[in-house]
Amino acid sequence: MTINGVLFDFSGTLFRVEPTRRWLAGALAECEVTMTAEEITACARALEEAGALPGGHPPREVPQELAGLWAERDRSAERHRAAYTALARRVPLPEAELYDALYERHMRPEAWQPYPDTRRVLSTLHGRGVRVAVVSNIGWDLRPVLAAHGLDDHVDVCVLSFEHGVQKPDPWIFDKACGALGVRPQETVMVGDAPQADGGAVQIGCGFHLVEHLPADERPDGLTPLLESVPGAA
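Anyway, here's the lowdown on the structure attached to this text.

Further remarks concern the packing of aromatic side chains. What the rule picks out here adds up to five aromatic pairs. Note on Phe10 and Trp112: the rings are 4.8 Å apart at their centroids and 50° apart in plane angle, and the pair reads as tilted. Of this pair, Phe10 sits in the loop between strand 1 (5–8) and strand 2 (15–17) while Trp112 sits in strand 3 (residues 112–114), and the two are 102 residues apart along the sequence. Taking relative accessible area as the criterion, Phe10 reaches 0% and is therefore assigned buried. What makes Trp112 buried here is its relative accessible area of 4%. Between Phe10 and Trp140, the aromatic rings sit 6.2 Å apart at their centres with planes inclined by 85°, giving edge-to-face as the arrangement.

Given below as structure tokens:
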């Protein structure tokens, strides 16, 4: 099968969010709130278990009263913020302003690191004329992150769940991306770290390439095998 289009998930696929401890420390600095190193470590661990960092570890357990909101968190910016700030508030922090500061911080370009082979893979696909889309379940606009890291020129389209009120694995969102790229699903592959959500692309005839959601320094070349499937691959 000739691949003329590639759909990429964002978090855990192209980029990895910063560690929870650094996320918390950054918000503390912005709010000029002081905690000891031991307190920061303990709170970061509790926030991680709560699943409060978007793009980080999922909640160990979703509270029953948040189950409905959690299931549809990526359908709108409002639901996304409400879900993650509610999870964060399960962890006592010294100042109430920190909960919103944490949420705001995770949307900033400096909170995200591309995987080591992201730039090379996107650049190679672009050079070979392969159309590229980012298809993400997300509650905010990730385009500034791509631009800040100099990757926006290698991405033709972004299809983001909160902008359409549709989440992966709904086939509509993959079909929307293929249509925006001008490619048929049968000549397209979806690349992602979530078999259920990203693997939904196979319902419309796309191929699927699974990568592991690991820290960036632990996954140096998870995207690279994709290049073997595109025209001109070595």
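That covers the picture; the talk isn't over yet.
Here the focus is the pairing of strand 4 (residues 131–136). Of all six residues in strand 4, five are buried, a share of seventy percent or more. The sheet contact formed by strand 1 and strand 4 spans four bridges and is parallel. What sits directly across from Phe8, in strand 4, is Val134. Remark: the strand 4/helix 7 (residues 143–148)/strand 5 (residues 157–160) crossover connection has right-handed handedness.

Helix-helix packing is characterised by the crossing angle of the two axes and by the distance between the axes. One can describe the packing of helix 4 (residues 77–88) onto helix 5 (residues 97–106) by two numbers: an axis separation of 10 Å at closest approach and a directional angle of 125°. Judged by the angle between their axes, helix 4 and helix 5 are oblique. In this structure, helix 4 meets helix 5 at a crossing whose hand is right-handed. Contacts between helix 4 and helix 5 pair Ala77, His80, Arg81, Tyr84, Thr85 and Ala88 from the former with Tyr99, Asp100, Tyr103, Glu104 and His106 from the latter. Of the residues belonging to the contact of helix 4 with helix 5, the class tally is five nonpolar, three polar and three charged.

Before going further, it helps to examine the sheet that holds strand 7 (residues 207–210). One open sheet holds the five strands; their spatial order is 5-4-1-6-7, and the pairing between them is parallel. The sheet is open, and its two edges are formed by strand 5 and strand 7, each paired on a single side. Between one strand and the next, the sheet's axes are offset by a mean angle of 20°, whatever the strand orientation. Docked against the sheet, helix 6 (residues 118–127) engages strand 1 and strand 4, running at close to 155° with respect to strand 1.

The rules we used
- Residues numbered from 1 in each chain as written.
- Predicted model: local features only at pLDDT ≥ 70, side-chain atom pairs only at ≥ 80, totals over all residues.
- Heavy atoms only, no water.
- Phe/Tyr/Trp six-rings, centres within 6.5 Å; stacked < 30°, edge-to-face > 60°.
- Helix = DSSP H or I, 4+ residues; strand = E, 2+ residues; numbered from the N terminus.
- Buried < 20%, exposed > 50% of the residue type's maximum accessible area, 1.4 Å probe, protein only.
- Pairing = 2+ DSSP bridges.
- Right-handed = clockwise from strand over helix to strand, strands pointing away.
- Axes fitted to C-alpha atoms, helices over the stretch in contact; angles between N-to-C directions.
- Parallel < 35°, antiparallel > 145°, perpendicular 65-115°, else oblique.
- Left-handed = near helix turned anticlockwise from the far one by under 90°.
- Contact = heavy atoms within 4.5 Å.
- Nonpolar A, V, L, I, M, F, W, Y, C, P; charged D, E, K, R; others polar.

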